[in-house]
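A closer look at the structure
Listed below are the residues making up each chain.
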Amino acid sequence: NIKAKLVDKEGLDRILTRIAHEILEKNKGSKNLVLIGMRTRGEFLAKRLQKKIKEIEGVELPFGVLDVTLYRDDFRTRLKQPQVSVSDITFDINEKDVILVDDVLYTGRTVRSALNALMDFGRPATIQLCILVDRGHRELPIRADFVGKNIPTSLNEEIKLKVEEYDGEDAIYLVEA
Ligand code: 5GP
Ligand code: MG
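Residues numbered from 1 in each chain as written. Chains lettered and ligands numbered in written order. Predicted model: local features only at pLDDT ≥ 70, side-chain atom pairs only at ≥ 80, totals over all residues. Heavy atoms only, no water.

Here we look at unusual backbone geometry
What you tend to see is this: most non-glycine residues have negative phi, and most peptide bonds are trans. To be explicit about the condition: Helical segments are the DSSP runs of H or I of at least four residues, strand segments are the runs of E of at least two, and each set is numbered from the N terminus.
That bond from Arg39 to Thr40 is cis: its omega, 10 degrees, falls within 30 degrees of zero. Its place among the elements puts Thr40 in the loop between strand S2 (33-38) and helix H2 (41-57). For Glu95, which is not glycine, the phi dihedral falls at a positive 65 degrees.

What to know about the sheet that holds S2
Convention followed: When DSSP finds at least two bridges between two strands, those strands are taken to pair. Note on geometry: axes are lines fitted to C-alpha atoms, helical ones only across the stretch in contact, with angles between N-to-C directions running from 0 to 180 degrees. In what follows, residue pairs with any heavy atoms lying within 4.5 Å of each other are defined as contacts.
Strand order in the open sheet formed by six strands is S4-S3-S2-S5-S6-S7, with mixed pairing between adjacent strands. Edge positions in the open sheet fall to strand S4 (81-88) and strand S7 (146-150), since each of these has one partner strand only. Direction aside, neighbouring strands of the sheet carry axes that sit 25 degrees apart on average. Bridge count for strand S6 (residues 126-134) against S7 is four bridges, and the pairing is parallel. Bridge pairing in S7 links Val133 to Lys149. Docked against the sheet, H2 engages S2, strand S3 (63-71), strand S5 (97-105) and S6, running at close to 150 degrees with respect to S2. Sheet contacts for helix H3 (residues 109-121): S2, S3, S4, S5 and S6; angle to S4, the most-contacted strand, approximately 40 degrees.

Looking at the nonpolar core
The line we're drawing: Buried residues of nine kinds, namely Ala, Val, Leu, Ile, Met, Phe, Trp, Tyr and Cys, make up a nonpolar core once their side-chain atoms join them within 4.5 Å. Only protein chains enter the calculation, and the probe is 1.4 Å; a residue is then buried if its accessible area is under 20% of its type maximum, exposed if over 50%, and partly exposed in between.
Ile23, Leu49, Ile99, Val101, Leu132 and Ile172 are the most contacted members of the largest nonpolar core, which totals 30 residues. For this core, the elements supplying multiple residues, two or more each, are helix H1 (9-26), S2, H2, S3, S5, S6, strand S8 (157-162) and strand S9 (171-176). Ignoring anything within four residues of it in the chain, the contact list for Ile172 reads Ala4, Lys5, Leu6, Val7, Leu132, Val133, Ile151, Ile159, Lys160 and Leu161. Listed in part, the 19 residues of the second largest apolar core include Ile93, Val98, Leu100 and Ala114.

What to know about the pairing of S5
Successive side chains on a regular strand alternate, one facing one side of the sheet and the next facing the other. What counts here: For the handedness criterion, the strands are oriented away from the viewer, and a crossover whose path from the first strand over the helix to the second runs clockwise is classed as right-handed.
By the criterion of burial, S5 is predominantly enclosed, with eight of the nine residues buried. In terms of handedness, the path from S5 via H3 over to S6 forms a crossover that is right-handed.

Following this line, the structure appears as structure tokens:
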């Protein structure tokens, strides 16, 4: 059910290099930044951004993880609700500029839950959203500050993002659901 390979290993690396520069440009350096990845693949993408920013600026940004679980809060609804918990953030996010990293942005519900979880946890100066693939179909007024690639999908298409650390390969595929 793979329709196309949209991005290969080199392409993914170039995207992350570009985003690392965009983050540093927008924030005038790395001084106040922290990185938070959304489990599972957002975590690995955030780690790679941490490495790239270290190569560029010589600074290792604090790195944390938010855990997302999908659950059905009501048997009448078909939609699964994303529930996000603060799972591994061992530093203070108060007054920080938080870069929240996820792999794919779709309806926006996961990000909304992530924002709630972060706000309960502390009071950041800003929260900026970094997404590798925006596939459209938003149901909430949420957009990303940093986007790897806009891939408008039809409703029967999905994105398969693979990362070496977890999937043994770096690639973005368009698949038929
Ligand atoms: P949303 O909450 O915006 O509807 O969906 C975003 C979350 O679901 C992200 O955490 C993302 O990992 C996952 N997701 C939604 N659509 C896709 C997709 O087409 N491919 C992948 N790999 N993940 C998706
Ligand atoms: Mg996810």
